[in-house]
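Coordinate inspection notes
Here's the letter readout for the chains.
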Amino acid sequence: MSLTREQIEKLADHVEQAELQAHDITKITDDYPDMDFNDAYEVQWEIRRRKIARGNRIVGMKMGLTSRAKMQQMGVETPIYGFLADYFERPDSGEIEMKDLIHPKVEAEIAFVTKAPLKGPGCHVGTVLAATDFVLPAVEIIDSRYRDFKFDLVSVIADNASSSRFVTGTRARNVRDLDLRNMGLVMEINGKVVELGAGAAVLGHPATSIAMLANMLGERGEEIPAGSVILSGAITAAVTVQAGDAVTLRAQDMGSVSMRFV
Ligand code: 0L1
Ligand code: MG
């Protein structure tokens, strides 16, 4: 680590204010080029601590950069994680206000809801499936606070992995009844298919991503509590949305989820 506690608090305030006031900033490594991954996660955990102190609840976690293509693009070997606060969630078939966001993009994902805690090290697909209560189709709305979505890995970790909003479907399915690896998802904007993919796009199987999250959290002595919602990672590329866009995600055997940007 290269940052002092004071610098971590200053950066947490800077990045979180950009989120809360919906304005963009330049990537923080421009001013702190020696920052490392540990510094970046410290900033993220400090933002999380501030939200809890303000009365927000942490309802879950997300994994990002989970596709081989996106990892190669960023020149990294491991995905990254972020947290989901209660106010990030929007109801299915609801509206998402553009005024609260900077330049949102949508991603098709599978959300896991846990019924038992998951604590690494040593978590694997089997542990995850046994601890999963149900899965839901989900759309993650990412909204990097960095100008033009231009950042490096350290900057994006500090920015809570671009987390912003998410919407899940309401048809809860048991993982035992589904083939998550081969599950097809189709994303439409204004009735036009814009992206499609299968569960295997996420590290070969979306449950692998949840196991990796538990193992990464385990390194900090943290766990995924029971009752968490976890976005396992993008199955499709992220697509930019504008006010007026209606987004629908159809997931094989899992129903659909939709929202309108206003
Ligand atoms: O959820 C994601 O995969 C996004 C992670 C952060 C990178 C980005 O904003 O594209
Ligand atoms: Mg995502």
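Predicted model, so just to flag it, every value in this text is computed and none were measured. (Residues numbered from 1 in each chain as written. Chains lettered and ligands numbered in written order. Predicted model: local features only at pLDDT ≥ 70, side-chain atom pairs only at ≥ 80, totals over all residues. Heavy atoms only, no water.)

For the magnesium ion (ligand 2), every protein donor is listed as E107 (OE), E109 (OE) and E140 (OE), and the spread of their distances is 2.0 to 2.1 Å. Here the donor residues of the magnesium ion (ligand 2) are spaced in sequence according to E-x1-E-x30-E. Of the two residues, E109 sits in strand β4 (residues 105-114) while E140 sits in strand β5 (residues 132-142), which places them 31 residues apart along the sequence. Judged on exposure class, the residue E109 and its partner E140 are both buried. (Donors = N, O, S within 2.8 Å, 3.2 Å for Na, K, Ca; no water. Helix = DSSP H or I, 4+ residues; strand = E, 2+ residues; numbered from the N terminus. Buried < 20%, exposed > 50% of the residue type's maximum accessible area, 1.4 Å probe, protein only.)

Before going further, it helps to spend a moment on the sheet that holds strand β8 (residues 192-198). The five strands are arranged β3-β12-β11-β7-β8 in an open sheet whose pairing can be described as mixed. Single-partner strands in this sheet number two, and they are β3 (94-96) and β8. Taken pair by pair, the neighbouring strands of this sheet meet at an average axis angle of 25°, ignoring direction. Bridge analysis of β3 against strand β12 (residues 255-261) gives three bridges, and the strand direction is parallel. By the bridge assignment, G94 is partnered in β12 with M259. (Pairing = 2+ DSSP bridges. Axes fitted to C-alpha atoms, helices over the stretch in contact; angles between N-to-C directions.)

Here the UniProt-annotated "domain: Fumarylacetoacetase-like C-terminal" (unreviewed entry) positions come out as residues 104-261. Taken as a whole, residues 104-261 contains 16% helix and 37% strand, while its terminal C-alpha atoms sit 10 Å from one another. (UniProt positions renumbered as here; feature names shortened; annotations may be inferred.)

Turning our attention to the site of ligand 1. Ligand 1 sits among K62, G64, L65, K70, E107, E140, I142, F149, F151, V156, A161 and S162. Side-chain polar atom of K62 to an oxygen atom of ligand 1: 2.8 Å apart, as the coordinates give it. The separation between an oxygen atom of ligand 1 and a polar side-chain atom of E140 is 3.0 Å. Starting from 300 Å² of accessible surface for ligand 1 in isolation, the protein chains cover 95%. At the level of elements, β1 (58-64) and β5 are the ones that each hand at least two residues to the shell around ligand 1. A class-by-class count of the residues in the shell around ligand 1 yields six nonpolar, two polar and four charged. (Near = heavy atom within 4 Å. Polar contact = N/O pair within 3.5 Å; in protein donor to acceptor, adjacent residues only side chain to side chain. Areas by Shrake-Rupley, 256 points an atom, 1.4 Å probe, with all protein chains shown as cover. Nonpolar A, V, L, I, M, F, W, Y, C, P; charged D, E, K, R; others polar.)

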